[in-house]
Amino acid sequence: MSKEMVLVDDKGKRIDGRTSEESREIKIEAGVLKNADGSAYVEIGKNKVLAAVYGPRECHPRHLQNPTKAIVQCKYNMQAYSVDDRKRPGTDRRSIEISKIVSEALENVVLTGLYPRASIDVYIEILQANAGTRCAGLTAASVALADAGIPMKDIVASMAAGKADGHVLLDLNKEEDNFGEADVPMAIVPSTGEIVLLQMDGNMTREEFDRAIELGVGGCKKIYELQKDALKRRYSAEEAEEEDDSDEQ
Ligand code: CDP
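Let me sum up the structure you'll find in this document. Note that the structure is predicted; figures quoted are calculated from it, not measured.

With respect to the helices and strands, the residue N178 is situated in helix 3 (residues 174-179). The exposure class of N178 is partly exposed, given its relative accessible area of 43%. The spatial distance from the C-alpha of N178 to the C-alpha of A131 is 8.7 Å, given a sequence separation of 47 residues.

In structure tokens, the structure reads:
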């Protein structure tokens with residue numbers, strides 16, 4: 001792929017046919033794993049992400065215990081087969097950074113004060129990557145936390161915006177991320193509008209940055225609706241199952 005490739009044509013269409021304000025297709029499902037306390041599966045375009053939650057449970061390693069509150073320990077992991085060139089398995093600087101920012105974003109909503117000394121463990125597995133995996137992972141982790149019944153003041157919704165070919169765009173795909181000018185992943189607490197994750201890779205003007213935030217926040221709000229939908233579907237399915245069980249008795 002050459003650097004001269006056109007990412008946004010003269011009609012404002014992107015290489016996957018989207019307008020600047022459109023996200024990729026989104027699918028969210030809650031409660032996909034039986035053995036975790038909570039779980040979720042998210043697809044955003046070609047990204048495929050699984051999140052699993054355990055806890056609150058005893059914090060290991062012990063020296064990380066906080067006597068006043070629980071800690072959220074997130075582990076972001078990209079599978080070797082998730083990218084075009086096999087990714088070397090295991091922890092690297094990027095996965096440590098993403099685990100940290102996702103944990104910090106989630107600590108803004110989890111009522112950690114209820115569980116002193118405990119740990120809430122969040123595992124994010126990237127099964128297929130196509131840019132925006134930290135946002136998809138955080139979106140999935142929030143749903144998995146809610147599915148686990150962890151008390152939270154709200155769920156966190158996440159999406160990136162960015163810039164390619166001089167256009168500010170919502171939800172960059174891999175080509176736009178690789179060959180574009182900037183990537184701005186963000187996450188919000190939708191009920192308050194608080195921004196709990198904001199990063200920027202690349203350059204944009206102040207006006208472009210404001211527009212990226214506007215687009216990104218709009219994208220997060222859309223994600224939020226789909227997260228709530230997934231949780232509602234999960235609990236209505238569970239209720240139906242319980243009703244079936246009581247009918248049989
Ligand atoms: O995934 P996200 O946009 O949050 O993070 P990034 O570090 O900006 O990575 C952008 C994309 O580059 C990933 O989603 C993958 O598609 C790709 N990537 C890769 O191919 N190999 C890696 N070791 C890391 C990232």
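Turning our eyes to something else, we now look at a negative patch on the surface. Residues E239, E241, E242, E243, D244, D245, D247 and E248 make up a contiguous surface patch of negative charge. Looking at the element boundaries, E248 is found in helix 4 (residues 206-248). By relative accessible area, which is 68% here, E248 ends up exposed.

Among the nonpolar cores identified, the biggest contains 61 residues, and V102, L106, V110, V122, I124, L138 and L145 are the most heavily contacted of them. With nine residues, the single largest contributor to this core is helix 4. For L138, the contacting residues outside a window of four places in its chain are V102, A105, L106, I124, V156, S158, A187 and L197. Ranked by size, the runner-up nonpolar core spans five residues in total, among them L7, V8, L169 and L172.

Cut-offs applied
For every chain, the first residue of its written sequence is number 1, and the numbers climb from 1 along that sequence. Local features are withheld for residues below a pLDDT of 70 in this predicted model, meaning they are given only at 70 or higher, and side-chain atom pairs are given and counted only at 80 or more; totals for whole chains, interfaces and linings count all residues. Where side-chain values are given, they derive from all heavy atoms of the structure, hydrogens and water being excluded. Helix numbers and strand numbers start at the N terminus; a helix is a DSSP run of H or I with at least 4 residues, a strand a run of E with at least 2. The buried label goes to any residue with under 20% of its type's maximum accessible area, the exposed label to any with over 50%, and the partly exposed label to all in between, with areas taken from a 1.4 Å probe on protein chains only. Exposure above 30% relative accessible area and the lack of any salt bridge qualify a residue for a patch; like charges then connect within 9 Å, and the nonpolar side chains Val, Leu, Ile, Met, Phe, Trp and Tyr within 5 Å. In these tables, accessible area is a Shrake-Rupley quantity obtained with a 1.4 Å probe, and a residue counts as shielded only by the protein chains included in the view. By salt bridge we mean one thing: a side-chain nitrogen of Lys or Arg within 4 Å of a carboxyl oxygen of Asp or Glu. For the charge count, each Lys or Arg is scored as positive and each Asp or Glu as negative, with His and the chain ends excluded. To locate a charge, take atom NZ for lysine, CZ for arginine, CG for aspartate or CD for glutamate. Nonpolar cores were defined as sets of buried Ala, Val, Leu, Ile, Met, Phe, Trp, Tyr and Cys residues, with membership established by side-chain atoms within 4.5 Å. Whether two residues are in contact is decided by their heavy atoms, any of which lying within 4.5 Å being enough.

Interpretation in functional terms is not warranted from these geometric data alone.
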